[in-house]
Amino acid sequence: MMFKNSTKLLLANFDKVWKLLVYHILCFAFCFGLLSIFYSFFVESIVSAWQEANLSGMFASGTFYGYSVSNVLHGLVNAAIGFFATIFAENVWIGIYFCLIVFYLLPFLMNVGKYVVDEMLYGFMSSAQKQSFTGTFLRTLGKSTQFAAVKTLYAIPFNALIFLSMYGLSRIQNEIFDYILPLAFAIIPAIMFAFKQTFNAGWAPAMVVFDVGVAKAFAIGNRAMLRRGARVFSTAFVICLLAIVLSLILGLYALIIILPIVLPFSDIFEMTAFFSSQGMRFYADYDTILTPKKLEEVDKIENAKFIL
């Protein structure tokens, strides 16, 4: 039901997909502008790593047919390692600068946008109210930056584990495993993303709905998500798996279409899961109000003291 209700909300709020897409383009453009200070250095390093990994032509079509997935994964991991080895060998400070921009500033800006979208969704879900992205962005800038700063740091270990899992898969040298790799490449990252989202899904919604600080919102959000932990995890897993499988089937260029939809859909799913776990009524569209089970019906007896 979470997936179905999230889909309804996505269709009723599809304008947020375009607004978030424009915001993400601006974020990437801003970060690219900062990196362009060393444009020649980065381009030379990327081209060198790309050629050494022999990635040319690998993404011309879908890659969901056995051995090619193994080639692409090996190539991507080797190219990433080669790129970072090159920039840090040439200039450590430029390497640190690149990592700060790509692994902190960009996710920070993306998390600010996530908070803004959650605030807009709260207005629609609670009273079928539409809000402007720019107005909401400016109004919530203080809280969204607090959330984004902490959330970005919190996510780094999870993202590192996901990369390490991809690295581990790419190091397996076995002809039989090459044909299993497409399945492993789809399922393992989906499981890890779903696990990460289960413990993050209620964070921003709790901060938006209850107007509390970052630390308290994290505790409230986790408690809410774990009330329906299995449902939250399974739905997050399905969303991630669909995105990965479609990318594998349709090829790299499909990400241009998939990512702009998956990112806001993920935000909508988190708000849906939070409202449902709290037993809060919400608008799924302009004509439909959903009434989840009340909080005391889904909570455990030992957690009754937390019911307000």
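The structure displayed is predicted, hence computed values, not measured ones. (Residues numbered from 1 in each chain as written. Predicted model: local features only at pLDDT ≥ 70, side-chain atom pairs only at ≥ 80, totals over all residues. Heavy atoms only, no water.)

Student: Before we move on, can you summarise the overall build of the chain with the specific residues and values?
Tutor: A tally of regular secondary structure across the chain gives 13 helices and two strands. Residues classed as buried in the chain amount to 46% of the 308 residues present. Here the contacts in the chain between residues at least 6 apart in sequence split such that 74% fall between residues at least 24 apart. Counting every atom, the chain has about 15,600 Å² of accessible surface; 70% of that belongs to carbon and sulfur. (Helix = DSSP H or I, 4+ residues; strand = E, 2+ residues; numbered from the N terminus. Buried < 20%, exposed > 50% of the residue type's maximum accessible area, 1.4 Å probe, protein only. Contact = heavy atoms within 4.5 Å. Areas by Shrake-Rupley, 256 points an atom, 1.4 Å probe, with all protein chains shown as cover.)

Student: Any chance you could break down the packing of helix 2 (residues 15–35) against helix 5 (residues 92–127) for me, citing the residues and the numbers?
Tutor: One way to put it is that helix 2 packs onto helix 5 with a least axis distance of 10 Å and a crossing angle of 160°. Classed by the angle they form, the pair helix 2 and helix 5 counts as roughly antiparallel. Remark: the crossing between helix 2 and helix 5 carries right-handed chirality. Classifying every residue of the contact of helix 2 with helix 5 gives 20 nonpolar, two polar and two charged. (Axes fitted to C-alpha atoms, helices over the stretch in contact; angles between N-to-C directions. Parallel < 35°, antiparallel > 145°, perpendicular 65-115°, else oblique. Left-handed = near helix turned anticlockwise from the far one by under 90°. Nonpolar A, V, L, I, M, F, W, Y, C, P; charged D, E, K, R; others polar.)

Student: Explain helix 10 (residues 214–227) to me, and be specific about the residues and the numbers.
Tutor: Taking 1.5 Å per residue as the helical rise, helix 10 with its 14 residues ought to reach 20 Å, and the 20 Å between its terminal C-alpha atoms agrees with that figure. Listed in full, the buried residues belonging to helix 10 are Val214, Ala217, Ile220, Gly221, Asn222, Ala224, Met225 and Arg227. (Expected span 1.5 Å × (residues − 1).)

Student: Residues and numbers for a nonpolar patch on the surface, please.
Tutor: A contiguous nonpolar patch, built from Ile81, Leu161, Phe163, Leu164 and Tyr167 and spanning about 450 Å² of accessible area, is present on the exposed surface. For the nonpolar patch, the leading source of residues is helix 7 (residues 141–171), giving four residues. Relative to the assigned elements, Leu164 resides in helix 7. (Patch = residues over 30% accessible without salt bridge, like charges linked within 9 Å, V, L, I, M, F, W, Y side chains within 5 Å. Salt bridge = Lys/Arg side-chain N within 4 Å of Asp/Glu carboxyl O.)

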